[in-house]
Amino acid sequence: MEKHHTPIATAAALLSDGEVIAIPTETVYGLAGNMYNENAVAKIYELKKRPKQNPLIVHVANIQAATPLIKDFPPKLLLLAEKLLPGPLTLLLNKSDLVPNSITAGSNRVAIRVPAHPLAVELLKMIDFPLVAPSANPYTRISPTKVKHVQAYFGSALKFILDGGDCTIGLESTIVGMEDNQPLIYRQGVISKQEIENIIGPVGNYNAISSTMPTPGLAPRHYAPQTETILTEREKIEAIFESGMAVLVFQEGISSIPIEAQYVLSENGSLAEAAKNLYRILHDLDHKRFKSILCEMLPDIGAGSAINDRLRRASYKN
Ligand code: TXA
Ligand code: MG
């Protein structure tokens, strides 16, 4: 009796009814629906204003639950799954006929993710269908790491948000797939290239231009604040800075710039903490209506590379 009133039971009931809700994961909040429900899938595209050619990522409770959804598990990707899942890693695998074409945009691959957030795991165990759950933001905007970010984006258009607190990782999952027997990183995340190479050996970087397999979600402009964003080396910030701009630095402020214009990602110099804080600070800065946001390039290692990647896309101009 009691159990039916828990938020997680409400979430499970709504999803089973074909509703779309927001769910927490350790990376960012997702807009979730039943993978097999055409209406739920359509609603997700509509809420996000996401182009139909951009496929949806699938969430399952564990690797075993992914087996019916895929044709084969390349040994290197299986090894990654065994070592790193549940966690912030998504694998691109050849899909079985069970996976509707409407969620893969016609591609023969499906993106599989096993989240580590305890509420997401509990929810996935409670329902008997996989969840499609792209990040809970309108197309090209910054992913949400807090319930209030999701509310600000969707308001009453969204029936329910399962509150899982602030996301502990704060950046979208690393995406890995294979092309011509070669493992490739399609999207960087806090699980770094180095960490992956330590497990399976050399890994390439997906190059959207040379590749035959499109990954439309990796558009150059993406993850972007409304405010103009500029990514540059720390040494150049002082010369570019003008009053009315905000400055986003990694660890330490720049002494010649007013302290109230500066925002620090991690006072301890922790890249993991910087990743966790990045979207929260960008959401806040966007509301403060600065003229522009000047961002310091981070050390190009581990989560630093992933942060630089997001800032590069945020600052991309056509
Ligand atoms: O951390 C995450 O991955 C979060 C949380 C909510 O799980 N989700 C997320 O979803 O970031 P989304 O849709 O915002 O980003 C997933 C990316 C998109 O760029 C999409 O194009 C790509 O994965 N993708 C999804 N399915 C794919 C497929 N079958 N083939 C190639 N790329 C795919
Ligand atoms: Mg997204």
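Here the structure is a predicted model, which is why all the values come from computation and not from measurement.

Calculation rules
Residues numbered from 1 in each chain as written. Chains lettered and ligands numbered in written order. Predicted model: local features only at pLDDT ≥ 70, side-chain atom pairs only at ≥ 80, totals over all residues. Heavy atoms only, no water. Helix = DSSP H or I, 4+ residues; strand = E, 2+ residues; numbered from the N terminus. Buried < 20%, exposed > 50% of the residue type's maximum accessible area, 1.4 Å probe, protein only. Contact = heavy atoms within 4.5 Å. Phe/Tyr/Trp six-rings, centres within 6.5 Å; stacked < 30°, edge-to-face > 60°.

Chemist: Got a sec to walk through the environment of Val147? Specific residues and values, please.
Modeler: You can see Val147 is positioned in helix α7 (residues 147-154). The class of Val147 is buried, set by a relative accessible area of 16%. Separated by 165 residues in the primary sequence, Val147 and Arg312 place their C-alpha atoms 26 Å from one another. Once residues within four sequence positions are removed from consideration, Val147 is found in contact with Tyr29, Ile161 and Asp163.

Chemist: Give me the packing of aromatic side chains: which residues, what numbers.
Modeler: In the structure shown here, the tally under the stated rule is three aromatic pairs. Taken together, a centroid distance of 6.2 Å and an interplanar angle of 65° make the contact between Tyr153 and Phe154 edge-to-face. Classification of Tyr153 by relative accessible area gives buried; the value is 18%. Relative accessible area serves as the criterion here: at 8%, Phe154 is assigned to the buried category. Between Tyr263 and Phe290, the aromatic rings sit 6.2 Å apart at their centres with planes inclined by 75°, giving edge-to-face as the arrangement. On the criterion of sequence distance, the pair formed by Tyr263 in strand β12 (residues 262-264) and Phe290 in the loop between α10 (271-287) and β13 (292-296) is long-range, its members being 27 residues apart. Residue Phe290 is classed as buried on the basis of its relative accessible area of 19%.

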